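Structural description and commentary
The chain contents come next:
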Amino acid sequence: MSLMGSLYVGLSGLQMGQNALNTTAHNMANVDTVGYTRQQVQQGTRIYNTISTSASAVAYQQLGLGVNYSQVKQVRDIFLDKSYRRESGRSGFYDTFAAAVEEVENLFQELQGEAFAKNIENLWKSVQDLARDPANSVNQGVFVQRCNEFITRSQAVYTGLSEYQDDLNDKIVRQVDTINAYGDRIAALNVEIQKIESGQVEKANDLRDERNQLIDELSTMAYIECRTDVSGNILIQLEGKDFVRAESANKIGLDYDENGFATPYWTQLAKTKMVNGVKTVTSIDGAKVFNLDRVISSSANTDIGSLKALLYARGDHRATFRDLEAGSTYDRSISQSVIMNVQAEFDNLVHLITTGINKIFKDAADNARIDNPDSNYMRDPDTGEPYTIFNVRSNQYGDERDFTTQNIIMNGVIKQSPSLLGFKRDDGVVDQATADALKELFMSEDHNVNPHVKTKTNFIHYYDDMVSLVANDGYVLRGISENQQITVDNVASAREQILGVSADEEMSNMVMFQNAYNAASRYINAVSEMLEHLIGTLGR
């Protein structure tokens, strides 16, 4: 090889060493950067100068021109990426569910002082006192007061559950906006990366890091599947439907019902029509992003994504006692919703107590009429209707099915004058039977907390049983969430060993590349001295 050609070899070594040092320094600078992927230098040989192609020779006579700086590649494992995204999505699902159950526990104040159970206990004590001395006006007044407290507190709890539903709904809206923003950005990054890498020389590694980080975050909110096309674009399916394409992303819209609850749907699949020149959605049947009728199962991957968990937890309406009835959609939707399940169970308790108390007083008035058709015992003298403790907002008496927590009010007349109950028949005999019936109402074990619980309970223990079910669900969900987090941490650790930056390793690489750079520099100096010596000698 000529001395001049040797300079090219030395120069290639200098360039290679400098670029490798720059890459190592870039790794060191981003050792704590979230989403950064370790970069690695790839080396190759430069083209050879062919001196002779004689057929008689064993091989062509060629001279090398040194080392070539091929590219800087990212070090990733697609299988670990897929596993991490799936497990982090599952973790997001159970974290969200566990947080919802914890919020419900806080709403019942079981851990923070006064609990709703205290109101049940106070009402039960007032019934016991009334049964001991029904004609005592003090006992009658306390009973009516406790009934009023019971309804007031019940409505406060139910309102809290409804407000939490609204809060979950707001989170759903924000997450959908975030997912749409991520989709747009990933599609834009596909375009930017393709532009930079179209020359097949430079790699847009920092943009690739941003794209991968967005995909990681997207995977916590919904079940996604990714693949790369021949041009290097990332294509994403979300819940089985195309989301991010090569250069664009499909949009997720929100359909609002009468409660303001938002349902995510694919805008490209919804049925639309033009109304006054404006495209209007007419139906989202078949366009919903999530099928919430499916059973939650890890084997079917239906337990992935915090957005799906928010939809399950919130439910699709304000649940009442009617949702617990036979033939309802309880198994299909209510039982899988944290808030709706508790709303239905709680409303059922309030409904049974209020309608049960009203029925006892109505029966007392009707039985008095059997003995004396002209009797006005426990009846409104103006209307002749039996006194009721509870009414509904729509009218004074209301149908039994109208008695939901938010629709119940106290009878204003009885509230102002509890002594109107009297508990003394027309003949002056104390009505002990009605007082005992109230006591039996609370003691009779005739009620199921929900269709899945077969053990009967009474009003005294109904609420405690309901709270215990919530606590059990919370305990199970927290356990699953904690175990799932361990799985995520293990996968993340394995992935970090591949794509993460090790300061010690990079320092050893820096020493190695610095030595290579110094060696190339000394090589060039040696060739330069030889050339200088030859030129100087020949010049004489």
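In what follows, the structure referred to is the one given above.
Residues numbered from 1 in each chain as written. Predicted model: local features only at pLDDT ≥ 70, side-chain atom pairs only at ≥ 80, totals over all residues. Heavy atoms only, no water.

A word on the overall build of the chain. Within the chain, the secondary structure is distributed over 11 helices and 13 strands. Within the chain, the fraction of its 540 residues that count as buried is 44%. A total accessible area of about 27,200 Å² is found for the chain, and carbon and sulfur atoms account for 50% of it. Computed over 50 positive and 73 negative side-chain charges, the separation of the two mean positions in the chain equals 6 Å. (Helix = DSSP H or I, 4+ residues; strand = E, 2+ residues; numbered from the N terminus. Buried < 20%, exposed > 50% of the residue type's maximum accessible area, 1.4 Å probe, protein only. Areas by Shrake-Rupley, 256 points an atom, 1.4 Å probe, with all protein chains shown as cover. Lys, Arg positive; Asp, Glu negative; His and termini not counted. Charge placed at Lys NZ, Arg CZ, Asp CG, Glu CD.)

Before going further, it helps to examine the pattern of salt bridges. Taken as a whole, this structure holds 22 salt bridges when the rule is applied. Arg76 is the partner of Asp81 in a salt bridge, and the nearest nitrogen-oxygen pair spans 3.0 Å. The exposure class of Asp81 is buried, given its relative accessible area of 5%. The class for Arg76 is partly exposed, based on a relative accessible area of 24%. Here the salt bridges share partners, and the residues they tie into one network are Arg76, Asp81, Arg85, Asp216 and Arg495. (Salt bridge = Lys/Arg side-chain N within 4 Å of Asp/Glu carboxyl O.)

Considering the arrangement of structural elements, one finds Asn358 in helix α7 (residues 338–371). At 3.0 Å, the side chain of Asn358 and the backbone nitrogen of Ile389 are in polar contact. Once residues lying within four places of it in the same chain are set aside, the contact partners of Asn358 are Thr388, Ile389, Phe390 and Phe403. (Polar contact = N/O pair within 3.5 Å; in protein donor to acceptor, adjacent residues only side chain to side chain. Contact = heavy atoms within 4.5 Å.)

Look at helix α9 (residues 432–443): 17 Å from first C-alpha to last across 12 residues, which is about the 16 Å you get at 1.5 Å a residue. When α9 is considered as a whole, its buried residues turn out to be Thr434, Ala435, Leu438, Leu441 and Phe442. Within α9, the buried residues cover an arc of 110° as seen down the axis, which keeps them to one side. (Expected span 1.5 Å × (residues − 1). Arc of directions from axis to C-beta.)

We now examine the packing of aromatic side chains. To describe a pair of aromatic rings, one takes the distance between the centres and the angle between the planes. Applying the stated criterion to the full structure yields 12 aromatic pairs. Look at Phe93 and Tyr94: their rings are 5.2 Å apart centre to centre, the planes differ by 80°, and that puts the pair in the edge-to-face class. The exposure class assigned to Phe93 is buried, which follows from its relative accessible area of 0%. The interplanar angle of 85° and the centroid separation of 5.8 Å between the aromatic rings of Phe442 and Phe459 together place this pair among those described as edge-to-face. Placement of Phe442 in helix α9 and of Phe459 in helix α10 (residues 459–499) is noted, with a sequence separation of 17 residues between them. The burial state of Phe442 is the same as that of Phe459; both residues are buried. Grouped by ring-pair contacts, the aromatic residues Phe93, Tyr94, Phe97 and Tyr312 constitute a single cluster. (Phe/Tyr/Trp six-rings, centres within 6.5 Å; stacked < 30°, edge-to-face > 60°.)

Backbone hydrogen bonds are what pair the strands of a sheet, in a parallel or an antiparallel way. What the three strands build is an open sheet, ordered β5-β6-β7; its pairing is antiparallel. Across the chains shown, the open sheet's two edge strands, defined by having one partner strand only, are β5 (224–228) and β7 (241–244). Averaged over all neighbouring strand pairs, the angle between strand axes comes to 35°, with direction disregarded. Sheet topology places strand β6 (residues 234–238) next to β7; three bridges connect them, and they run antiparallel. By the bridge assignment for β7, Leu238 is matched with Lys241. The strands that helix α5 (residues 205–219) touches are β5, β6 and β7; relative to β6, the one it contacts most, it runs at about 10°. (Pairing = 2+ DSSP bridges. Axes fitted to C-alpha atoms, helices over the stretch in contact; angles between N-to-C directions.)

Let us look at the environment of Ser306. Structurally, Ser306 is set in helix α6 (residues 306–314). For Ser306, a relative accessible area of 9% translates into the label buried. In the structure, Ser306 is positioned 120 residues away from Ile186 in sequence and 20 Å away in space, judged by C-alpha atoms. When neighbours within four sequence positions are excluded, Ser306 is seen to be in contact with Gly92, Phe93, Thr96, Gln175, Thr220 and Met221.

Looking now at the packing of helix α2 (residues 78–107) against α5. Axis separation between α2 and α5 bottoms out at 8 Å; the angle between their running directions is 35°. Facing Tyr84, Arg85, Ser88 and Gly89 of α2, the residues of α5 in contact are Asn212, Ile215, Asp216 and Ser219. Of the residues in the contact of α2 with α5, the class split is two nonpolar, four polar and two charged. (Nonpolar A, V, L, I, M, F, W, Y, C, P; charged D, E, K, R; others polar.)

Turning our attention to the nonpolar core. Phe143, Leu218, Leu238, Ile357 and Ile389 are the most contacted members of the largest nonpolar core, which totals 96 residues. When residues in this core are grouped by element, the largest group, 19 residues, is from helix α4 (residues 137–197). With sequence-adjacent residues up to four places away left out, Ile357 is seen in contact with Phe143, Cys147, Ile389, Phe390, Leu438 and Leu441. Ranked by size, the runner-up nonpolar core spans six residues in total, among them Ala319, Tyr330, Ile334 and Ala344. (Core = buried A, V, L, I, M, F, W, Y, C linked by side-chain atoms within 4.5 Å.)

With respect to the helices and strands, the residue Tyr330 is situated in the loop between α6 and α7. Taking C-alpha positions, Tyr330 is 9.1 Å from Asn450, a pair spaced 120 residues apart along the chain.

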